[in-house]
Amino acid sequence: MGATASQLGKDVLSEYQELTFLTKQEILLAHKRFTELQSRDSRGNLNPRVPTETILTLPELKSNPFRDRICRVFSTSESKDGLTFEDFLDLLSAFSDSATLEIKSHYAFRIFDFDDDGTLDENDLKKLVNCLTGETDDTRLTPDEMTQLIRNILEESDIDKDGTVNLSEFQHVISRSPDFVSSFKIVL
Amino acid sequence: MTHYSNGAFYNPAYHDSETLELDRRSPRKPHHSNPYAQEEPAWQAGRANVFPTVTGQWGHSDDSAWRVPWEGGQEEESRWGRERLPTGHLPTHPQSPPWQQAAPTNMTMRWRGMRRMSMFVNGEPTHLSITEDAIRNELEQEEQNLVKDLVACSTKDRIQGIKELPMSYEEKKHIRSQVLAFKSSKKSRHLSCFADCSDNVSLSFRRCGSSMASTRQTLELWQGTMKEIGGRFGTSVLSYFLFLKSLFMLNIFSFLINFGFITIPMLAYNQIPQNVTFRGLELLTGAGYFNYTVMYYGSYGSDIIKGLLDYNMQLAYFFTIAAYMVLCGASIIYSMASSFKTNYVLSDPVAGGSWQLLCSWDFSVTNEKAVRQRKNNLRVQLKETLSEKTQGEGLTTAERMKHFGVQLGAWFISTSLAVGCGSAIYFLSQYEQRQTTDTDNWSLLQEAETLLVPFVVSLINLVVPLFYSLFNKFELYSNQRRQIYALIFRNVLLKMSILGILCYYWMKEVATKFSCWESMVGQALYRLVIVDFFFLMLGSFFGEFLSNVIGTRWLPRLGVPEFDVARNVLDLIYAQTLAWIGIYFSPLLPVIQIIKFFILFYLKKVSLMQNCQPPRRVGRAAQMRTIFIALLFFPSFVGSLSMMAYTFWSLTPSKHCGPFQGLNNTFSIVGLWVTDLEGISTASWVVWIYQNVIRSEIFYFLVTIIILFITFIFWQVTQGRKLLILLLRQQIINEGKDKTFLLEKLQTLQKSQPNNKSKTQIKQSKRRSDGSSSGVRSNSNAMVQTFLAGQQDSRGNYFCDVPVPSDISTSYQRIPIASDRQSSSNALALARQRAEVQDYRTPSTLASPLVQVMQARQDYERQADAMDDGSSSMSNIMMQVMEARMRAEEGYGVQGRPVATESSVPARSSALIQAMLARQQSQNEYDDGY
């Protein structure tokens, strides 16, 4: 722990603290874990990008059904592959305990928006449900159930009846499901 | 798609409006009241055939290739758009990160305005140099505004505000550096010592706060264990352990203050008689040796301890207990109220929502097996909700009566069981009381006999709930939540009736019979706590281990048990109630409680890990948590508080032991203290408070009146808000219907024959609007201009199809809900429509993005309406029109067919500019009129 603290530097650390919802301990722990990941790859450049596959070896993310989406949403690179340490901090910050509902729901929306088009349409919802129930054929819902479910979802949340769920509608729904805040959480 | 596209038919506004003119013209005027029903097939046909891309766009987004340049409709999209678009077209300069959703509560208004600008970030075609520059300027302007806003905030708000920007770290860093630069430049201009000092102070406070937070995190108890449990069993099981932990902390706190203020001063003066020996059984019974230690009320003296400072034991005892109860109450009320607010008031009244299931996915679950299991469970649950929805309430009256009868019977049995247990305990206690005598030295047998009552009580607590849970098999509650609530209520009833009976017995019988009755009650409570602990262990053996063995070895049908959060939490609540009741009679009872909870934590953890599987049902964990806190407050805390209050005010303390010997009641110590204080001039306020507040009826009368009054006002406010929410919801739905309606109109337009009756139509509409109220008139003027613009535009395209839109416009003027602003925004929709209509002449792939834009515009209008902010809605409108134009032009760029349509581009853009001007004018007029 001490070694990582000296690596990070006080200024950088306080900046990290100021710009994320994480505490000092969490940042240090994140840094430690991140450098461990890094060590398998090149360690040369200043702000190295750890490829998504390596990130996904983290036990906290390994079995998450949304792991690929999470990495994609938080990646700032052009190709959407790999996270820098700062991206990683962003990720942990959004999933931390102290992040606000607005931030959490914003990122949840983006994670659920599989085609990145800014609304949750039928396909996104289908993918979401499949992600949650399992991808294989025998675990999937039948097409009938799926259409029924999606109709229910839209009935519930699509306030302006345009057939998709946009961010504000999503946030409205989220604000009414109290379990979300406690479950949208990843702790290192 | 069909389920919402027909929305317009049900909106009475359309049917009452002038829109019907369209149908009056048509020869096939229908007889029934809904003139649109007939047109439905045509529209649907239009949807299906003429605009396959329009529908395709909503239905299937796989084909995102042509969508790419068109997004920006949603305020939050820009970010993704930026990520998705080829970067060559983008304003890659870092000065223009998009601002959206960045809304700390104090700045929401402003930042919404910013968000609006964000739609341009991605949509900038390179050839639109003027717009691009303008937009870039706008963006920079917006960023400056944001920075200014942030600078204006206090340091804490600023940090929070930057933290809450949903953007990547780099962007946040950029904003922060901008803000800091701005701030330092400002500071250098007018440097004031005060500001500097306050900055420093706040900085050091922040440092201190963050270091406190990190220390707290380091000291966080059982963190790893909690993570492990959460990772395997999810949040609902974790909530039990969190509850256990918070009770543990509460008891540590209570131990600290009791020990610090009561026991330590007493320890020096406490001596144990020589003839009493420690026999071992005391650990169970709490009698004998413990009777002479500081464990119980009886060993505390009433004297004023003389030392460096006089320490009045009576006052210390009274105020410590009172302060502890008040603090406990305050913290429970606080956490209950806040959790109630988030989990009940804000949550959806509709039970079993599909979203609730989808949103309740636990991201903290890390165990591979657990994830698989959760997926399975979720699937089952989703299927259940679906089947429930489709089946509905198909019960016959006979079945319903049967269910009702079974439930009634179950309630009757459970209530009579509770009452029966209560009376059994009472008679048992009386029997025991006849046996015991008020002697100092009991024989071992006598001592062991005292364990009978606690044993029976705990046995009842263990067995009867199991019996209750059997009822669940027979009772067929329509929803699972009610079933759980019924179970909880019965268990609480049982536990509280037992405790109530015991308290009654202590207050009535013990208090009169024994010379040092407080210690006797303390001992009884000690025994209850200890025996309860053993039974909790037994409970987890029977409840979890045995059923695991049964489930895995003998009856695989039953399966591995789940951890019953409700039952376990109720046990905890019961244990805590005992501790609260006992705190007066045995100030060190929290020690026992701490040890008990500590062991229990590990015991339950091991039992959970070894025996249980993750819960089959997800969701509702937060609401259950609220219920548990509420239960901890209502029967448990309030009950023990009232018992304590009764003891303080009405019971005579023992004559020969304890701190309050010789007083009529415990509370009179305060009176004595105040009479002492009367001589001291500096303490006159205490006397005044005592006489005018504590002892005066008029004070309580006034307070009650005021509280009632405030409650009434808040109730009224709540009612008003409910109504407002309904209205707003209705409005959103109406807006959505407007949108659908316009879209449908567009599609019929596409099908209908172009005709040239436009002039007369416009005149008609002009006349009509002149006749209407002034506010509407100013808007409608602008609207007419919009039409003219549109018309000219269509002429440019050799196309004239104005009449139908003008009908729409007039209809909008008559829509009763329309405020002035709304009608102007409707005019805007029309302007857009004009632009779009022309585009329908050109390839239909162009049209569909425009429809999308329009759709998105509707969202903006809604926001603008909600904002009630005139100036910004104007800029909004401008932006929208500009964007519509951009869309149109960029569409051509993307299509790569400038040759065919080039001639119409100038005409279109000029028309659009005109439309824009018209918008502006309408806004101006609206503002003037306002």
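Let us look at the structure shown here.

### Topic: the overall build of chain A
Right, on to step 1. The number of helices and strands found in chain A is twelve helices and zero strands.
Right, on to step 2. Beginning at the N terminus, the succession of helices and strands in chain A can be written as α-α-α-α-α-α-α-α-α-α-α-α.
Right, on to step 3. Considering chain A as a whole, with its 188 residues, one finds that 64% of them fall into the buried category.
Right, on to step 4. Sequence separation of at least 24 residues holds for 57% of the intrachain contacts in chain A that already meet a minimum separation of 6.
Right, on to step 5. Carbon and sulfur atoms make up 50% of the accessible area of chain A, which totals about 6,900 Å².

### Section: the overall build of chain B
Right, on to step 1. Within chain B, the regular secondary structure consists of 35 helices and two strands.
Right, on to step 2. Counting every position in chain B, which comprises 930 residues, the buried fraction comes to 53%.
Right, on to step 3. Residue pairs in contact within chain B that sit at least 24 positions apart in sequence constitute 78% of those at least 6 positions apart.
Right, on to step 4. When the accessible surface of chain B is totalled, it reaches about 42,300 Å², and 63% of it is carbon and sulfur.

### Here's the deal with the environment of S98(A)
All names here are of chain A.
Right, on to step 1. In this structure, S98 sits in the loop between helix 7 (85-94) and helix 8 (101-112).
Right, on to step 2. Separated by 83 residues in sequence, S98 and V181 place their C-alpha atoms 9.7 Å apart.
Right, on to step 3. A polar atom in the side chain of S98 sits 2.9 Å from the backbone oxygen of F21.

### Things to note about the side chain of S586(B)
Residue and element names in this part refer to chain B.
Right, on to step 1. With respect to the helices, strands and loops of the structure, S586 is situated in the loop between helix 22 (565-582) and helix 23 (589-611).
Right, on to step 2. The buried category is assigned to S586, whose relative accessible area is 0%.
Right, on to step 3. Excluding residues within four positions of it along the chain, S586 makes contact with M295, Y296 and G522.

### What to know about the nonpolar core
Right, on to step 1. Y240(B), W506(B), L525(B), W580(B) and F628(B) are the most contacted members of the largest nonpolar core, which has 115 residues in total.
Right, on to step 2. Ranked by residue count, the leading element in this core is helix 12 (residues 223-267) of chain B, at 15 residues.
Right, on to step 3. Beyond its immediate chain neighbours, meaning those up to four positions away, Y240(B) contacts F563(B), V565(B), N568(B), V569(B), L572(B), L600(B) and K604(B).
Right, on to step 4. Membership of the second largest hydrophobic core comes to 80 residues, among which are L19(A), L125(A), I153(A) and V179(B).

### Observations regarding the pattern of salt bridges
Residue and element names in this part refer to chain A.
Right, on to step 1. Under the counting rule described, the total for this entry stands at 15 salt bridges over all chains.
Right, on to step 2. Salt-bridge contacts for R69 lead to D116; the nearest nitrogen and oxygen are separated by 3.1 Å. Linking R69 in helix 6 (residues 67-74) with D116 in the loop between helix 8 and helix 9 (122-133), this pair joins segments that are 47 residues apart in sequence.
Right, on to step 3. Its relative accessible area of 13% is what places D116 among the buried residues.

### A short note on the state of the cysteines
Two cysteines joined by a covalent bond between their sulfur atoms form a disulfide.
All names here are of chain B.
Right, on to step 1. In this structure the tally under the stated criterion is one disulfide over all chains.
Right, on to step 2. Paired by a disulfide, C516 and C657 hold their sulfur atoms 1.8 Å apart. Across the S-S bond of C516 and C657 the torsion is about 105°, and the bridge reads as right-handed. Residue C516 is located in the loop between helix 20 (480-513) and helix 21 (517-554), and its partner C657 is located in the loop between helix 24 (621-650) and helix 25 (668-677); the two are separated by 141 residues in the primary sequence. For the pair shown, C516 and C657 are each scored as buried.

### As for the packing of helix 6 of chain A against helix 8 of chain A
Residue and element names in this part refer to chain A.
Right, on to step 1. At a closest axis distance of 9 Å, the pairing of helix 6 and helix 8 adopts a crossing angle of 115°. Between helix 6 and helix 8 lies a crossing whose hand is right-handed. On the side of helix 6, the interface is formed by R69, I70, V73 and F74, while helix 8 contributes Y107, R110 and I111.
Right, on to step 2. By residue class, the composition of the contact of helix 6 with helix 8 is five nonpolar, no polar and two charged.

### Quick word on helix 6 of chain A
Right, on to step 1. Here helix 6 of chain A has its buried residues at R69(A), I70(A), C71(A), V73(A) and F74(A).
Right, on to step 2. Packing partners of the buried residues in helix 6 of chain A comprise helix 4 (52-55), helix 5 (59-62), helix 7 and helix 8 of chain A.

The rules behind each value
- Along each chain, residue indices are assigned from 1 in the same order as the chain's sequence is written.
- Chain letters and ligand numbers both follow the written order, the letters beginning at A and the numbers at 1.
- pLDDT decides what is reported in this predicted model: residues at 70 or higher carry local features, side-chain atom pairs at 80 or more are listed and counted, and totals for whole chains, interfaces and linings draw on all residues regardless.
- Hydrogen atoms and water are omitted, and side-chain values are computed over all heavy atoms in the structure.
- Helix and strand assignments follow DSSP, with helices taken as H or I runs no shorter than four residues and strands as E runs no shorter than two, numbered in order from the N terminus.
- Under the scheme applied here, a residue whose accessible area is under 20% of the maximum for its type counts as buried, over 50% as exposed, and between as partly exposed, the area being computed with a 1.4 Å probe on protein chains only.
- Residue contacts are defined here by distance: any two heavy atoms, one from each residue, within 4.5 Å place the two residues in contact.
- Residue burial considers only the protein chains on display, and all accessible areas are found by Shrake-Rupley using a 1.4 Å probe.
- N or O atoms within 3.5 Å of each other form a polar contact, as long as, within protein, one can give a hydrogen and the other can take it, and as long as residues adjacent in sequence are counted only when both atoms are side-chain atoms.
- In these notes, a set of buried Ala, Val, Leu, Ile, Met, Phe, Trp, Tyr and Cys residues joined through side-chain atoms within 4.5 Å is what counts as a nonpolar core.
- Definition used for salt bridges: Asp or Glu carboxyl oxygen within 4 Å of a side-chain nitrogen of Lys or Arg.
- Note that a disulfide, as used here, is simply two cysteine sulfur atoms within 2.5 Å.
- Here the axes come from fitting lines to C-alpha atoms, over the contacting stretch only for helices, and the angles between their N-to-C directions go from 0 to 180 degrees.
- With the far helix as reference, a near helix turned anticlockwise by less than a right angle produces a left-handed crossing, and one turned clockwise produces a right-handed crossing.
- In this count, Pro and Cys sit with the nonpolar residues alongside Ala, Val, Leu, Ile, Met, Phe, Trp and Tyr, while Asp, Glu, Lys and Arg are called charged and the others, Gly among them, polar.

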